[in-house]
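Working through the structure, step by step
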Amino acid sequence: MSTEGETSLDKLIITGQRRLTGHVEVSGAKNSAVALIPATLLAEGQSVIENVPRIRDVEIYMDILQGMGVKTWWAGEKTLAVDPSGLNGTKAPYDLCKKMRASYYLMGVLLGRFGRGEVAFPGGCDIGSRPIDQHVKGFQQLGATIAIQRGIVTLSAPNGLAGSCIYLDVVSVGATINIMLAAVLTPGTTVIENAAKEPHVVDLANFLNAMGANVKGAGTDVIKIHGVNKLHGTTYSVIPDQIEAGTLMIAAAATQGDVVLENVIPKHLDPITAKLREMGAEIDEDGDQIRIRVEGPLRAVNIKTLPYPGFPTDVQQPMTSLLSTARGTSLVTESIWEGRFKFVDELKRMGANIKVEGRTAIIEGVPSLSGAPVRATDLRAGAALVVAGLMAEGETEVSGVEHIDRGYETLEAKLRHLGAEIRREQEN
Ligand code: EPZ
């Protein structure tokens with residue numbers, strides 16, 4: 001695997017039009033893991049997190065914590081242990097923080113636990129402007145002072161923190177999580193209104209409650225947090241990855257496949273399932289499994305990305321690949337990240353007929369795509385190009401694989417297991 005920012009040496013070579021069949025296990029959720037890992041620092045004792053995906057973003061987080069004196073180690077294949085007792089300061093290392101967005105959760109954690117912190121302004125996927133004004137507003141309403149200088153966010157609370165009512169102007173997953181992290185140890189009651197309802201917001205609330213916090217209402221748009229004095233370490237299992245599951249469902253549909261996904265929460269997949277059914281896929285849910293079958297051509301549909309329980313922006317790009325060969329005209333509106341249609345130019349090189357007007361892509365379904373060398377410029381764009389490669393006639397070379405490695409655990413091995421012809425090679 002390569003580190004974001006370093007030159008990738010890997011590319012994926014896909015020979016398309018191989019039907020995917022069989023069973024595949026979905027990994028633990030990336031976006032949940034990267035919130036739970038820093039949350040462990042809110043306790044003095046050791047925590048154990050199970051079902052953690054072995055992805056680059058998790059490795060970067062482990063490196064960040066180790067740089068702060070925290071011991072992290074794999075206690076099992078997917079079990080991560082964190083012992084924060086050696087935490088030696090409130091500064092998060094800049095070189096690592098700039099590599100991943102979720103490093104900004106250390107702002108809430110350090111502020112909540114120590115009343116101060118210094119964290120580099122976060123990096124992450126280039127998918128559009130990514131402001132943190134709602135995080136800052138939330139911290140300020142708890143009583144913090146925030147200064148942003150030379151790429152470093154410095155947080156302090158000269159007069160201490162106190163619970164408060166915070167109304168988010170936009171539904172933000174990151175701000176909701178960061179305010180929760182800051183508020184669990186803050187005296188008094190904090191109310192977050194217009195909170196994000198994503199599954200990983202609920203997962204974090206459950207994790208914090210398992211550590212002794214008092215968080216209520218996660219999964220609705222009002223979250224109430226009663227501050228407690230102390231949290232303790234705990235053992236907890238990460239929820240399945242909604243986005244990886246959605247990507248694999250789309251990959252199955254893209255190859256007229258018949259695939260059973262194991263270790264999923266079907267409810268989390270409702271917005272994706274509904275659209276795939278509308279396109280003509282047959283989908284059956286059974287406990288923690290979901291089966292998707294496609295026979296014959298798929299129909300065009302219209303999609304608008306929205307906060308949960310709407311259609312997830314993180315699945316928009318793979319879905320756009322799939323729609324590029326659906327019968328008819330699809331309209332896809334991206335309402336969260338304006339940069340998430342940049343990859344459409346790569347799809348066009350494979351023969352897709354897509355016009356982007358502002359935040360909407362107009363997709364005229366073509367009979368098939370043809371393999372080509374393409375480059376991933378962000379995580380989900382990478383997954384989308386893999387889906388396109390699986391559908392295309394001939395060979396597709398996807399470069400920029402370091403983006404995929406940040407968030408998908410062994411994607412090509414899972415696809416190969418299902419019958420895809422896909423291999424990893426070093427780029428020249
Ligand atoms: C989280 O990003 C996810 N990342 C993203 O996953 C996901 O695309 C996004 O939520 C939306 O679901 C993690 O969980 C680590 P937001 P986040 O704050 O928290 C605006 C992936 O591929 N906004 O919910 O950064 C913002 O511009 C990714 O796995 C403000 O205006 O997203 C956007 O339009 C990448 N001010 C909207 O809100 C703020 O202070 C939603 O952003 C914060 C956000």
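Because the structure is predicted, anything quoted here is derived from the model rather than measured.

Some words on the site of the ligand
Neighbouring the ligand are 26 residues; Ser-172, Val-173, Asp-314, Ile-336 and Arg-380 lie closest to it. Between the ligand and Val-173, the relevant distance is 2.7 Å, taken from an oxygen atom to a main-chain nitrogen or oxygen of the residue. The fraction of the free accessible surface of the ligand (840 Å²) that becomes covered by protein chains is 90%. At the level of elements, α1 (30–39), α5 (133–141), α6 (173–183), α10 (313–323) and α12 (379–391) are the ones that each hand at least two residues to the shell around the ligand. Split by residue class, the shell around the ligand holds 11 nonpolar, 8 polar and 7 charged.

Structural notes on the nonpolar core
Ranked by size, the top nonpolar core spans 77 residues in total, and within it Tyr-61, Leu-106, Met-180, Leu-204 and Leu-208 carry the most contacts. Take this core: its biggest share by element is 7 residues, from α6. Contacts of Tyr-61, omitting those with residues within four sequence positions, involve Val-34, Ile-37, Pro-38, Met-100, Ala-102, Ser-103, Tyr-105 and Leu-106. Judged by nonpolar contacts, the second largest core, of 70 residues, contains Ala-254, Ile-303, Val-398 and Leu-411.

Overview of the pattern of salt bridges
Side chains bearing opposite charge may pair, as long as their charged atoms lie close to each other. The final tally for this structure, using the stated rule, is 23 salt bridges. With a shortest N-O distance of 3.0 Å, Glu-278 and Lys-275 are connected by a salt bridge. Of the two residues, Glu-278 and Lys-275 both sit in helix α9 (residues 270–279), 3 residues apart, roughly one turn of that helix. What you see here is one network of salt bridges that share partners, running through Asp-10, Asp-405, Glu-412 and Arg-424.

Some points on the sheet that holds strand β16 (residues 289–293)
The strand order across the open sheet built from 4 strands is β2-β14-β16-β15, with neighbouring strands paired in mixed fashion. Each end of this open sheet is capped by a strand with a single partner; those strands are β2 (21–25) and β15 (282–286). Sheet twist, expressed as the average angle between the axes of neighbouring strands with direction ignored, equals 15°. Pairing of β2 with strand β14 (residues 258–262) involves 5 bridges; the strand directions are parallel.

Cut-offs used in this document
- In this convention, every chain numbers its residues from 1, walking through the sequence in written order.
- Where totals are concerned, whole chains, interfaces and linings use all residues; where local detail is concerned, this predicted model gives features only for residues with pLDDT of at least 70, and gives and counts side-chain atom pairs only at 80 or more.
- Each side-chain value is worked out from all heavy atoms of the structure, with water and hydrogens disregarded.
- Proximity is defined per residue: if any heavy atom of the residue lies within 4 Å of a molecule or strand, that residue is considered near it.
- Identification of polar contacts relies on pairs of N or O atoms within 3.5 Å, with a donor-acceptor requirement for protein atoms, meaning one able to donate a hydrogen and the other able to accept it, and with residues adjacent in sequence counted only if both atoms are side-chain atoms.
- Accessible surface area values rest on a Shrake-Rupley calculation with a 1.4 Å probe, where residue burial reflects the displayed protein chains alone.
- Put simply, DSSP H or I for four residues or longer makes a helix, DSSP E for two residues or longer makes a strand, and each gets a number counted from the N terminus.
- In the scheme used here, Gly and all other residues not listed as nonpolar or charged are polar, with Ala, Val, Leu, Ile, Met, Phe, Trp, Tyr, Cys and Pro taken as nonpolar and Asp, Glu, Lys and Arg as charged.
- In plain words, nonpolar cores are sets of buried Ala, Val, Leu, Ile, Met, Phe, Trp, Tyr and Cys residues tied together by side-chain atoms within 4.5 Å.
- Each residue is placed in one exposure class: buried if its accessible area under a 1.4 Å probe, protein chains only, is under 20% of its type's maximum, exposed if it is over 50%, and partly exposed if it falls in between.
- Whether two residues touch is decided by their heavy atoms; if any such pair falls within 4.5 Å, the residues are in contact.
- Within this document, salt bridges are pairs made up of a side-chain nitrogen of Lys or Arg and a carboxyl oxygen of Asp or Glu, the two lying within 4 Å of each other.
- A pair of strands is considered paired only if DSSP assigns at least 2 bridges between the two.
- Here an axis means a line fitted to C-alpha atoms, over the contact stretch when the element is a helix, while the angle between two N-to-C directions is reported on a 0 to 180 degree scale.

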